[in-house]
Amino acid sequence: MAEPVKFRNYVGGKWVDAGTGKTFPNRNPADLDDVVGEFPASAPEDVDRAVAAAKKAYDGWRRTPAPKRGEIVYRAGQVLLDRKEEIARAMTREMGKVLKETRGDVQEGIDTAFVHAGEGRRLHGFTAPSELPNKAGWAVRAPVGVAGLVTPWNFPLAIPTWKSFPALVAGNTVVIKPASDTPHCVNLLAEVLEKAGIPPGVFNVVHGGGGTVGTAIVKHPDTRVISFTGSSEVGRGIAETCGSMLKRVSLELGGKNAQIVMDDADLDLALEGALWGAFGTTGQRCTATSRLIVHRRVKDELVGRVLERAKKLRLGSGLDEKNEVGPLINKDQVGKVHECVEIGKKEGAKLLCGGEPASDGALAKGCFYKPTIFDGVTPEMRVAREEIFGPVLSVLTCKDLEDAVRILNATEYGLSSSIYTRDVNNAFYAMQEIESGIVYVNAPTIGAECHFPFGGVKRTGNGHREGAHPIYDVFTEWKTVYVDYSGRLQKAQIDNQ
Ligand code: NAD
């Protein structure tokens with residue numbers, strides 16, 4: 001067997017091994033015998049070197065005009081476009097989701113590049129009239145410093161671009177640690193940025209575990225802003241550390257998203273939405289449809305149709321275009337999903353299909369789990385409240401719209417929600433009453449676009465948003481400037497009485 005390819009960290013514009021000399025394997029979750037490569041198992045000292053490189057590059061980068069920073073990000077978008085198919089294939093190999101989805105993931109990176117390249121020429125501040133004569137005031141956005149970025153494995157390229165492109169356009173330098181299940185895509189992103197002309201030290205990659213490398217980035221006194229996407233448990237710990245250090249932190253965390261289907265809905269549409277929302281990306285999206293809340297008058301019909309289609313979904317390697325559902329990310333995740341299913345069964349939910357790992361033939365080599373549907377779920381059950389992050393759909397029955405919204409809101413999370421209805425009054429009531437950062441009408445809970453705010457309420461985050469312009473509230477500081485050209489001491493609040 002050929003030696004696995006050895007990958008490196010990217011620090012100060014150079015590809016370097018971890019100081020530890022140690023590595024960890026990155027495996028294809030559809031076939032665990034397939035090793036994508038060995039990646040550096042870095043230590044806190046590697047983070048120190050990366051942060052030092054980012055700090056050194058910071059003054060040069062923040063003084064580079066924002067439109068020029070934006071041009072580099074624009075070129076990165078063009079390189080991503082040129083390499084789209086190659087990166088999508090690499091992503092499917094290391095992460096598992098099917099090719100049409102990994103092409104979408106790269107496309108999101110391209111779109112993000114083009115959105116934020118444009119922001120380089122906007123980055124609007126504002127002016128307001130002064131309360132005093134011959135005095136002017138305005139506020140501009142200034143970069144924060146070295147940004148520490150920690151990302152999950154489910155969007156191996158899109159999420160790193162969501163964070164790093166606006167961070168860079170705003171004038172910050174970056175140290176990023178991708179999830180150790182999907183390190184390759186961020187190395188490809190570093191190659192892309194290098195080709196686009198990013199100066200050495202402006203974008204740095206350190207691979208390794210969350211508890212070592214992730215913690216070291218979060219705790220480093222020179223990372224001035226932390227942007228984290230991942231689980232609520234880890235996010236809470238990061239928030240505590242950042243709180244004690246008075247460090248800015250943006251958290252994008254878990255979800256327990258629901259699709260409501262009213263009795264006036266177009267059931268064909270609701271069916272397609274539920275299937276795509278629940279089983280797309282094998283249910284491993286923070287916005288995945290985990291609960292289907294259906295009006296009792298149409299419940300049997302809709303659930304019967306969802307079940308029939310779910311049973312026919314074709315599982316297998318995402319590299320084979322005929323397959324519809326790829327593997328879970330790793331064996332641990334198979335165990336976690338299965339544990340949730342066992343809990344659901346014990347709580348009295350009725351298992352309609354799936355409920356076990358899939359291991360027929362070639363599937364035995366990977367981390368596959370059968371699309372699973374529970375009926376008869378009640379809002380109190382854990383399968384209705386806790387994030388599962390796998391292909392498991394819980395069906396809850398509602399008696400009217402108020403009941404549906406009450407059930408939808410009865411979780412600690414609040415990321416994405418959807419309602420299928422043909423009644424405009426129902427739709428507006430839902431838009432108003434649903435507690436989540438994203439609400440869809442007649443569309444599934446997944447499908448966010450990168451130029452709208454993205455994020456959630458309650459346990460899903462700490463009030464920040466990614467995507468679009470609001471992310472500049474994470475990656476910039478407001479600097480207010482006053483110019484007094486009166487030639488005399490003017491006292492605000494006192495001289496204008
Ligand atoms: P995770 O929290 O286990 O890991 C996320 C990242 O944090 C990884 O890079 C990991 O190595 C690192 N990490 C782990 N422990 C750490 C620590 N103590 N300090 C610093 N870093 C640490 O999450 P995951 O399993 O990779 O991703 C799945 C979770 O992410 C789900 O809960 C999902 O809902 C959430 N997610 C949220 C969004 C969103 O935008 N809201 C998007 C995608 C995924």
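A brief report on the enclosed structure follows. A quick note: this is a predicted structure, and the numbers were derived from the prediction, not measured.

Each value, and the rule that gives it
Residues numbered from 1 in each chain as written. Predicted model: local features only at pLDDT ≥ 70, side-chain atom pairs only at ≥ 80, totals over all residues. Heavy atoms only, no water. Near = heavy atom within 4 Å. Polar contact = N/O pair within 3.5 Å; in protein donor to acceptor, adjacent residues only side chain to side chain. Areas by Shrake-Rupley, 256 points an atom, 1.4 Å probe, with all protein chains shown as cover. 1 Å grid on protein atoms, 1.4 Å probe; cavity = no way out; pocket = protein on both sides within 12 Å on 5 of 7 lines; lining within 4 Å. Sits in = over half its atoms within 2 Å of the grid points. Helix = DSSP H or I, 4+ residues; strand = E, 2+ residues; numbered from the N terminus. Core = buried A, V, L, I, M, F, W, Y, C linked by side-chain atoms within 4.5 Å. Buried < 20%, exposed > 50% of the residue type's maximum accessible area, 1.4 Å probe, protein only. Contact = heavy atoms within 4.5 Å. Phe/Tyr/Trp six-rings, centres within 6.5 Å; stacked < 30°, edge-to-face > 60°. Lys NZ or Arg CZ within 6 Å of the ring centre and 35° of its normal. Pairing = 2+ DSSP bridges. Axes fitted to C-alpha atoms, helices over the stretch in contact; angles between N-to-C directions. Right-handed = clockwise from strand over helix to strand, strands pointing away.

**Considering the site of the ligand**
Looking at the ligand, there are 27 residues lining it, with Thr 151, Ser 231, Leu 253, Cys 286 and Glu 387 nearest. Thr 151 is positioned with one of its backbone polar atoms (N or O) 2.7 Å from an oxygen atom of the ligand. In this structure, Gly 210 approaches the ligand through a main-chain N or O atom, which is 3.4 Å from an oxygen atom. Its free accessible area being 850 Å², the ligand has 85% of it covered by the protein chains. Using a 2 Å cut-off from the grid points, one finds that the ligand occupies the largest pocket. Of all the elements in the fold, those that place two or more residues in the shell around the ligand are helix 7 (210–219), strand 10 (223–229) and helix 8 (232–244). Per-element accounting of the shell around the ligand gives the leading share, three residues, to helix 7.

**Some points on the nonpolar core**
In terms of nonpolar packing, the biggest core is built from 51 residues, with Phe 165, Leu 168, Leu 193, Ile 198, Phe 203 and Phe 475 touching the most fellow members. For this core, the element with the highest residue contribution is helix 6 (residues 184–196), accounting for eight residues. Aside from chain neighbours lying at most four places away, what touches Phe 203 is Tyr 10, Ser 164, Leu 168, Val 174, Ile 176, Leu 189, Ala 190, Leu 193 and Ile 198.

**Overview of the packing of aromatic side chains**
Tallied over the full model, the rule gives seven aromatic pairs. The interplanar angle of 35 degrees and the centroid separation of 4.8 Å between the aromatic rings of Tyr 74 and Phe 114 together place this pair among those described as tilted. Separated by 40 residues along the polypeptide, Tyr 74 in helix 2 (residues 66–82) and Phe 114 in helix 4 (residues 99–119) bring together distant segments of the chain. In this structure an aromatic cluster arises from ring pairing among Phe 7, Phe 24 and Phe 39. A cation sits over an aromatic face here: Lys 97 above Phe 155, 3.8 Å from the ring centre. A cation over an aromatic ring shows up here: Lys 135 above the ring of Tyr 482, its NZ or CZ 4.8 Å from the ring centre.

**Quick notes on the sheet that holds strand 6 (residues 135–143)**
Taken in spatial order, the three strands line up as 5-6-21 in an open sheet, and their pairing is antiparallel. Two strands in the sheet have a free side with no partner beyond their single neighbour: strand 5 (126–129) and strand 21 (476–484). In this sheet, adjacent strand axes meet at a mean angle of 20 degrees when their direction is disregarded. Pairing of strand 6 with strand 21, which is carried by nine bridges, proceeds in the antiparallel orientation. Bridging from a neighbouring strand, Ala 142 pairs with Glu 477 of strand 21.

**So, the side chain of Asn 204**
Turning to its location among the elements, Asn 204 is positioned in strand 9 (residues 203–205). Take Asn 204: its relative accessible area is 0%, and that puts it in the buried class. What Asn 204 contacts, discounting residues up to four positions off in sequence, is Tyr 10, Val 11, Gly 12, Ala 50, Ala 53, Ala 54, Val 174, Val 175 and Ile 176.

**Section: the pairing of strand 12 (residues 257–261)**
In terms of residue burial, strand 12 counts as a mostly covered element, since five of its five residues are buried. Of the two faces of strand 12, the one lined by Asn 257, Gln 259 and Val 261 and the one lined by Ala 258 and Ile 260 are each fully buried. In this structure, strand 12 lies alongside strand 13 (residues 289–295), joined through five bridges in parallel fashion. Bridge pairing in strand 13 links Ile 260 to Ile 293. Taken together, strand 12, helix 9 (residues 267–279) and strand 13 form a β-α-β motif whose crossover is right-handed. With four bridges joining them, strand 12 and strand 18 (residues 416–420) adopt parallel strand pairing. In the sheet register, Ile 260 faces strand 18, and the bridge partner there is Ile 419.

**Overview of the sheet that holds strand 19 (residues 438–441)**
Within the open sheet, the seven strands sit side by side as 14-15-16-13-12-18-19. Their pairing is mixed. What marks the edges here is a single partner per strand, and that holds for strand 14 (350–353) and strand 19. Strand-to-strand twist across the sheet, computed as the mean angle between neighbouring axes with direction ignored, equals 20 degrees. The strands touched by helix 9 within the sheet are strand 12, strand 13, strand 15 (372–375), strand 16 (392–398) and strand 18, with strand 12 carrying the most contacts at an inclination of about 170 degrees.

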